[in-house]
Amino acid sequence: MYQRENQEFGSGTGGGAVALAPATFGRAGLVEATGPALEAPRRRSWGEVDLVVDLGVRLGSPEWFRGLATLGGMLAALWYVAPGFTPLPGNVPAKLAPARFDEMRAIGVAPAAYGADSGRRLAATDRAEPLTSTPERPRLDLVATIGLGDGIARMLEREGASSADAAQAASLVAEAVPLSDIAGGTKLAITLGRRPNREVARPLDGLSFRARFDLALSLERVNGALVLNRQPIAVDDTPMRLTGDVGDSLYRSERSAGATPSVVADYIRAVAPHVDIGDISPFDRYDLVFEHKRAATGEVQTGRLLYAGITHGGKQTRLLRWTLDGREQWFDAAGAGERREGFSMPVSGARMTSNFGMRFHPILGFSRMHQGIDLAAPYGTPIVAASDGVVRFAGWHGGHGNFVQIAHAGGMGTGYGHMSRYVVRPGQSVRQGQLIGYVGSTGLSTGPHCHFEVYRGGHPINPATARFAMTSQIAGDALKRFRATLARLTALPLGGRAEVAASAKASSRG
Ligand SMILES: [Zn+2]
């Protein structure tokens, strides 16, 4: 809103024409021409000049121009006295003479961005010449670790050798030991020699590392060419034999005697089928032999458990790890292997559609004995051997279509019919779970299924009630070798303390 002293003349009452009072300035001089005059406007003398002119009304009048000129004059005066944007001068340090400046700079502390040359020393003068290059070390001795999946050549190049040197070194090392045999984590000592200039890689002057537990290798530069040296390390690989009382805990006793956790776990797995582990008493004795290698340089490597023995309640059990027919298992002193019971179903996820017994044959149209069970499964489902054994028959067998028969230990046998295809031949040894063929519908069959038969003594029995109990038996010459190995291991001195020097076998396989 807008206020001035004669605001009471507002046009608030009644209608009628509104005219400006001639003697007043500005918008306030409104009077009602027709209404009763409330009060006569106060008249101003000519000497009383209104400096504040409303520029919104009476545009172009002399008063308006005067008001504009007044405004312009005031803006000009403001512009004239305004301080402007130039910084105000503060305290300016005195200008230093050039020599004094250098001296101050040398001992001053200032940000490096301002060209600081901090420290209590004199700045270089013009008499000091900057170096164009720094001298190099004549040789570098490095130790690098080869990573898993890494290669010697790649690692040497990474450390600064030229690719030609790296390739040559790798091929020399490969003469001694397959490069893939060098274990990840092997440390290599590398020597890089002097080079004529910085543009070329340093020559590889030396390389030494332990390529294998029993072999150290080194490369040396002789008359400009790399030469390979092999240093076999004597290794005593006499197995370690430990024996003692079970005491409070079988695990703790064996561990404190020097067996590794994996050896103890192997031991417990081996003896568990023969001795009730929970029934072992503190006075029972354990006896075990495991692979053990000791290098002349002091390192020791421990391998698998070879022999597990336990004397429990006066009865001695002796078990030896042995491989028979490609299957490694624990055999007792008489050469009998682990007893394995039961068999696995030949088709996984199959639905039994026909049981063992008399039934009405869907194709032949009369009742007859069903000598097995039918396992329905889609075409091509794998059929696996129900147990270890030897294939007796594989071929076309009348109503059975493509048929495979397997003979198992203990006078047991299995048959598999209606196969679309079989992948074994007579005389072949198969393991439990090994693929022998695929589900089909060959022979007298109404749809894809596997006809599964089980025989005992050559006669079909009900697979649902059949019991397999299989034990492998070592016989003949193998049994002689088995007994000799058992005798050798159990005759080892306790603690495997054979002198390294006496039995050390300088391995020169490299
Ligand atoms: Zn059948």
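Conventions we followed
Residues numbered from 1 in each chain as written. Predicted model: local features only at pLDDT ≥ 70, side-chain atom pairs only at ≥ 80, totals over all residues. Helix = DSSP H or I, 4+ residues; strand = E, 2+ residues; numbered from the N terminus. Buried ≥ 20, exposed ≤ 12 C-beta atoms within 10 Å, placed from the backbone. Contact = placed C-beta atoms within 7 Å. Axes fitted to C-alpha atoms, helices over the stretch in contact; angles between N-to-C directions. Left-handed = near helix turned anticlockwise from the far one by under 90°. Nonpolar A, V, L, I, M, F, W, Y, C, P; charged D, E, K, R; others polar. Pairing = 2+ DSSP bridges. pLDDT = per-residue confidence, 0-100. Core = buried A, V, L, I, M, F, W, Y, C linked by C-beta atoms within 7 Å. Arc of directions from axis to C-beta.

Colleague: Where do I start with the overall build of the chain in this structure?
Modeller: Per the secondary structure count, the chain includes eight helices and 27 strands. Evaluated residue by residue, the chain yields a buried proportion of 23% over its 510 residues. For the chain, the proportion of contacts with a sequence separation of at least 24, taken over those separated by at least 6, is 56%.

Colleague: Teacher, can you tell me more about unusual backbone geometry here?
Modeller: The bulk of non-glycine residues show a negative phi, and the bulk of peptide bonds are trans. Unlike most non-glycine residues, Arg-58 shows phi in positive territory, near 50 degrees. With a phi close to 50 degrees, Asn-223 is a non-glycine residue in the positive phi region. Here Asn-223 lies in the loop between β6 (215-222) and β7 (225-232).

Colleague: How should the packing of helix α3 (residues 152-159) against helix α4 (residues 163-176) be read in this particular structure?
Modeller: Close contact between α3 and α4 brings their axes to 8 Å; oriented N to C, the two are set at 145 degrees. For the element pair α3 and α4, the recorded crossing hand is right-handed. Contacts from Ile-152, Ala-153, Leu-156 and Glu-157 in α3 reach Ser-163, Asp-165, Ala-166, Ala-167, Ala-169, Ala-170 and Val-173 in α4. Considering only residue class, the contact of α3 with α4 consists of eight nonpolar, one polar and two charged.

Colleague: What am I meant to see in the sheet that holds strand β5 (residues 204-212) here?
Modeller: Across a sheet, paired strands are connected by hydrogen bonds in the backbone, their directions being either parallel or antiparallel. Strand order in the open sheet formed by five strands is β3-β4-β5-β6-β7, with antiparallel pairing between adjacent strands. On the outer flanks of this sheet lie β3 (140-145) and β7, each paired with one strand and no other. Strand-to-strand twist of the sheet, defined as the mean angle between neighbouring strand axes without regard to direction, takes the value 15 degrees. Pairing analysis gives six bridges linking β3 to strand β4 (residues 187-192), with the strands arranged antiparallel. Residue pairing in the sheet places Ala-144 in a bridge with Leu-188 of β4. Packing of α3 onto the sheet brings it into contact with β3, β4 and β5, and relative to β3 it is tilted by some 135 degrees. Strands β5, β6 and β7 of the sheet are contacted by α4, whose axis makes an angle of about 30 degrees with β7.

Colleague: Please explain the confidence of the model for the chain as it appears in this structure.
Modeller: It should be kept in mind that the predicted coordinates are not to be read in detail where pLDDT is low. Averaged over every residue, the pLDDT of the chain is 81; residues scoring 70 or more account for 84%. Low pLDDT (under 50) marks residues 1-41, which in the prediction has 41 contacts with non-local residues, meaning those over four places away or in another chain.

Colleague: Please explain the nonpolar core as it appears in this structure.
Modeller: Side chains of nonpolar character tend, in soluble globular proteins, to be buried together. Ranked by size, the top nonpolar core spans 28 residues in total, and within it Ile-383, Val-404, Tyr-416, Ile-436 and Cys-450 carry the most contacts. Among the elements of the structure, β18 (373-376), β21 (402-407), β22 (412-422), β24 (435-439) and β25 (449-456) are those that each provide at least two residues to this core. Dropping the residues within four chain positions of it, Ile-436 is found in contact with Ile-383, Val-384, Ala-385, Val-404, Tyr-416, Tyr-422, Val-423, Val-424 and Val-430.

Colleague: How do you make sense of the environment of Thr-485 when you look at a structure like this?
Modeller: Examined against the element boundaries, Thr-485 turns out to sit in helix α7 (residues 476-490). What makes Thr-485 partly exposed here is the crowd of 15 C-beta atoms within 10 Å.

Colleague: What is the right way to read the pairing of strand β10 (residues 285-295) from this model?
Modeller: For β10, the tally of buried residues reaches eight of eleven residues, placing the bulk of the element in the interior. Alignment of strand β8 (residues 235-236) against β10, held across two bridges, turns out to be antiparallel. Bridged to Val-235 within β10 is Ala-295. Summarising the sheet, strand β9 (residues 240-245) and β10 pair through six bridges and their orientation is antiparallel.

Colleague: I keep staring at α3 and nothing clicks. Help me out?
Modeller: Three or more residues of α3 are buried, namely Ile-152, Ala-153, Met-155 and Leu-156. Projection of α3 onto a plane perpendicular to its axis shows the buried side chains occupying an angular sector of 165 degrees, all on one side. Positive phi shows up at Gly-160, right after α3, with a value of about 120 degrees.

Colleague: Which parts of the structure should I look at to understand the pairing of β5?
Modeller: Each regular strand displays side chains that alternate between the two surfaces of the sheet. Relative to β5, β4 runs antiparallel, the two sharing five bridges. Counterpart to Ile-190 in the pairing with β5 is Leu-207. Relative to β6, β5 runs antiparallel, the two being bridged by six bridges. Each bridged residue has a counterpart across the sheet, and for Gly-206 the counterpart in β6 is Glu-220.

Colleague: Can you walk me through the environment of Lys-187 in this structure?
Modeller: Structurally, Lys-187 can be placed in strand β4. Given 11 C-beta atoms within a 10 Å radius, Lys-187 is considered exposed. Sequence separation between Lys-187 and Ala-144 is 43 residues; the distance between their C-alpha atoms is 5.7 Å. Excluding residues that lie within four positions of it along the chain, Lys-187 makes contacts with Val-143, Thr-145 and Phe-209.

Colleague: Any chance you could explain the environment of Thr-353 here in plain terms?
Modeller: With respect to the secondary-structure elements, Thr-353 resides in strand β15 (residues 351-354). A count of 13 C-beta atoms within 10 Å places Thr-353 in the partly exposed class. Once the C-alpha coordinates of Thr-353 and Asp-374 are considered, the two residues, 21 residues apart in sequence, prove to be 5.5 Å apart. Excluding anything up to four places from it in sequence, Thr-353 contacts Asp-374, Ala-376 and His-449.

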